[in-house]
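Residue-level structural notes
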Amino acid sequence: MSPQQPGRIDAGNVSRSFDVHARTYDKLVGANPGYHEHLRLSAKRMGLPGGGAGLRLLDLGCGTGASTAALLEVAPQAEITAVDASVEMLAQARRKTWPSTVRFVHGNAEELDPAKFAGPYDGILAAYLLRNLTDRNAALRRYRGMLKPGAPLAVHEYSVADSPRSRAVWTAVCWSVIIPMGRIRTGSADLYRYLWRSVLDFDGVDAFTGRMTAVGFEDVRVQTMPGWQQHIVHTFLGRSPGVPLGADPDAPTPPEGLDLTK
């Protein structure tokens, strides 16, 4: 990425930009066909058992709560801690109705305070987060260390670097729809130009699955989404080393879980 320009959004100041756009964010993503459905699909692919009964889950980069709602639908009995670096996005999330098992906490996903986020967790969902971090490998290592043996990390993220077609589709949609709509809704297109640029700069599928394997995740798999975001948005899924307590190590993966890898 080129050096920061005056007013330019990058990974160092993106949370402040989300503060500015928090009040209009839900309306904008709501206009994206499949946005909420795809988050639910990534949560479902985690293969969380028993409706989440007795499980502790971590939702990193929760924003206004869309990913939290996806986890809650898949695991309604789980205890969910939702984290975001943007104070205003969290304020929007807290205005919604949630059960007592969901709590929202301000925090930096790259420097999670152990006093606030004591693991181990039974699963972590990180949606549209990893490409905004400055040290992805360090973050992935930290998340692996916060998981119980065999517990899943689901990274719901854009990845287009491996496909010229996906890059072309992404650029066309951004400049014809997302960026103009962002300017109309908010008066500024800066955040949405950053979105376009950050996706182009992010790892390809092979590179990111390689990162996950290199930092110690096992059974690393990837699945894309249906619709126009096929081969653009993916679920990257890995498990911390070990076998969950009480699990059958020879049991087959559920069909809705980890089901596509090269």
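Fair warning: this is a prediction, and the values are worked out from it, not measured in the lab.

Some details on the overall build of the protein chain
Tallying secondary structure elements over the protein chain gives 8 helices and 7 strands in all. Scored against the burial criterion, the 262 residues of the protein chain give a buried share of 49%. Considering only intrachain contacts with a sequence separation of at least 6, the fraction spanning at least 24 residues in the protein chain is 69%. Total accessible area on the protein chain stands at roughly 11900 Å², and carbon and sulfur atoms take up 54% of it.

Comments concerning the environment of G123
Summarising the element assignment, G123 is placed in strand β4 (residues 123-127). A residue is classified by how much of its surface remains accessible, and G123, at 0% relative accessible area, is buried. Between the alpha carbons of G123 and A43 there is a distance of 9.7 Å; along the sequence they are 80 residues apart. Leaving out residues up to four positions away in the same chain, G123 has contacts with M46, R56, L57, L58, L147, A151 and P152.

A few points about the nonpolar core
The nonpolar side chains of a soluble globular protein tend to be buried, and buried together. Counting residues in hydrophobic clusters, the biggest one holds 46 residues, and the most contacted among them are L57, L71, Y158 and W170. No other element matches the 6 residues that helix α7 (residues 190-201) contributes to this core. Ignoring any residue separated from it by four or fewer positions in sequence, one finds W170 in contact with Y158, V160, I178, L195, W196, V199, L200, W228 and I232.

Re the environment of R103
Within the secondary structure layout, R103 lies in strand β3 (residues 102-106). Residue R103 is classed as partly exposed on the basis of its relative accessible area of 39%. Each residue touching R103, except ones within four places of it in the same chain, is listed here: I80, T81, A82 and K116. A polar contact is formed between the side chain of R103 and the backbone oxygen of K116, at a distance of 3.3 Å.

A word on the packing of helix α5 (residues 136-145) against helix α8 (residues 205-214)
What describes two packed helices is the angle between their axes and the distance between those same axes. With their axes 9 Å apart at the nearest point, α5 and α8 run at an angle of 50 degrees to one another. Regarding the angle of α5 to α8, the classification is oblique. Crossing of α5 against α8: the hand is right-handed. For the pair α5 and α8, the contacting residues are R136, N137 and L140 in the first and F208, R211 and M212 in the second. Here the residues of the contact of α5 with α8 are counted per class, giving 3 nonpolar, 1 polar and 2 charged.

Let's talk about the pattern of salt bridges
Counted under the stated rule, the structure contains 8 salt bridges. Here D122 makes a salt bridge to K148, at a shortest N to O gap of 3.1 Å. With D122 in the loop between β3 and β4 and K148 in the loop between α5 and β5 (152-158), this residue pair connects regions lying 26 residues apart in the sequence. Note that D190 is salt-bridged to R193, the shortest N-O span being 2.4 Å. Here the residue D190 and the residue R193 both occupy positions in helix α7, the gap between them amounting to 3 residues, near one helical turn. For R193, a relative accessible area of 29% translates into the label partly exposed. Ionic contacts of the salt-bridge type, sharing partners, join the residues R136, D203 and R211 into one network.

Focus: the sheet that holds β3
Reading across the sheet, the 7 strands line up as β3-β2-β1-β4-β5-β7-β6 and stay open at both edges, with mixed pairing between neighbours. Bordering the open sheet on either side are β3 and β6 (218-224), each of which pairs with just one other strand. Pairwise comparison of adjacent strand axes, ignoring direction, gives a mean angle of 15 degrees for this sheet. Here 5 bridges tie β6 to strand β7 (residues 233-239), and the two strands are oriented antiparallel to one another.

Description of the side chain of D84
Summarising the element assignment, D84 is placed in strand β2 (residues 79-84). Buried within the structure, D84 lacks any salt-bridge partner; R94 is the closest side chain of opposite charge, at an N-O distance of 10.0 Å. Within polar-contact distance, the side chain of D84 engages the backbone nitrogen of C62 at 3.3 Å. Only 2.8 Å separates the side chain of D84 from the backbone nitrogen of G63, close enough to count as a polar contact. Not counting the four nearest positions on each side in its chain, D84 is found in contact with G61, C62, G63, M89, L90, V105, H106 and G107.

Description of the side chain of T209
Among the structural elements, T209 can be located in helix α8. Not counting residues up to four positions away in its chain, the partners in contact with T209 are V220, V222 and F236.

Analysis parameters
In every chain, residue numbers begin from 1 and rise along the written sequence. Restriction of local features to residues with pLDDT of at least 70 applies here, the model being predicted, together with a cutoff of 80 or more for giving and counting side-chain atom pairs; totals for whole chains, interfaces and linings are based on all residues. Based on all heavy atoms of the structure, the side-chain values leave hydrogens and waters out of the count. Per the convention used, a helix needs a DSSP run of H or I reaching at least four residues, while a strand needs a run of E reaching at least two, with both numbered from the N terminus. Buried means the residue's accessible area, taken with a 1.4 Å probe over protein chains only, is under 20% of the maximum for its type, while exposed means over 50%, and partly exposed covers the values in between. Contacts are assigned to residue pairs that have any heavy atoms within 4.5 Å of one another. Accessibility throughout is a Shrake-Rupley quantity obtained with a 1.4 Å probe, and a residue counts as covered only by protein chains that appear here. Nonpolar cores were defined as sets of buried Ala, Val, Leu, Ile, Met, Phe, Trp, Tyr and Cys residues, with membership established by side-chain atoms within 4.5 Å. Counting of polar contacts relies on pairs of N or O atoms within 3.5 Å, with two restrictions inside protein: one atom must be capable of donating a hydrogen and the other of accepting it, and residues adjacent in sequence are counted only when both atoms are side-chain atoms. Simply put, an axis is a line fit to the C-alpha atoms, just over the touching stretch for a helix, and the angle between two N-to-C directions goes from 0 to 180 degrees. When an angle is under 35 degrees it counts as roughly parallel; over 145 it counts as roughly antiparallel; between 65 and 115 it counts as roughly perpendicular; any other value is oblique. Rotating anticlockwise by less than a right angle from the far helix to the near helix defines a left-handed crossing, while the corresponding clockwise rotation defines a right-handed one. In the scheme used here, Gly and all other residues not listed as nonpolar or charged are polar, with Ala, Val, Leu, Ile, Met, Phe, Trp, Tyr, Cys and Pro taken as nonpolar and Asp, Glu, Lys and Arg as charged. Put simply, a salt bridge is a Lys or Arg side-chain nitrogen that is within 4 Å of an Asp or Glu carboxyl oxygen. Two strands qualify as a pair provided that DSSP identifies no fewer than 2 bridges between them. Note on charges: Lys and Arg go in the positive column, Asp and Glu in the negative column, and His and the chain ends are not counted at all.

The analysis is restricted to geometry; functional conclusions fall outside its scope.
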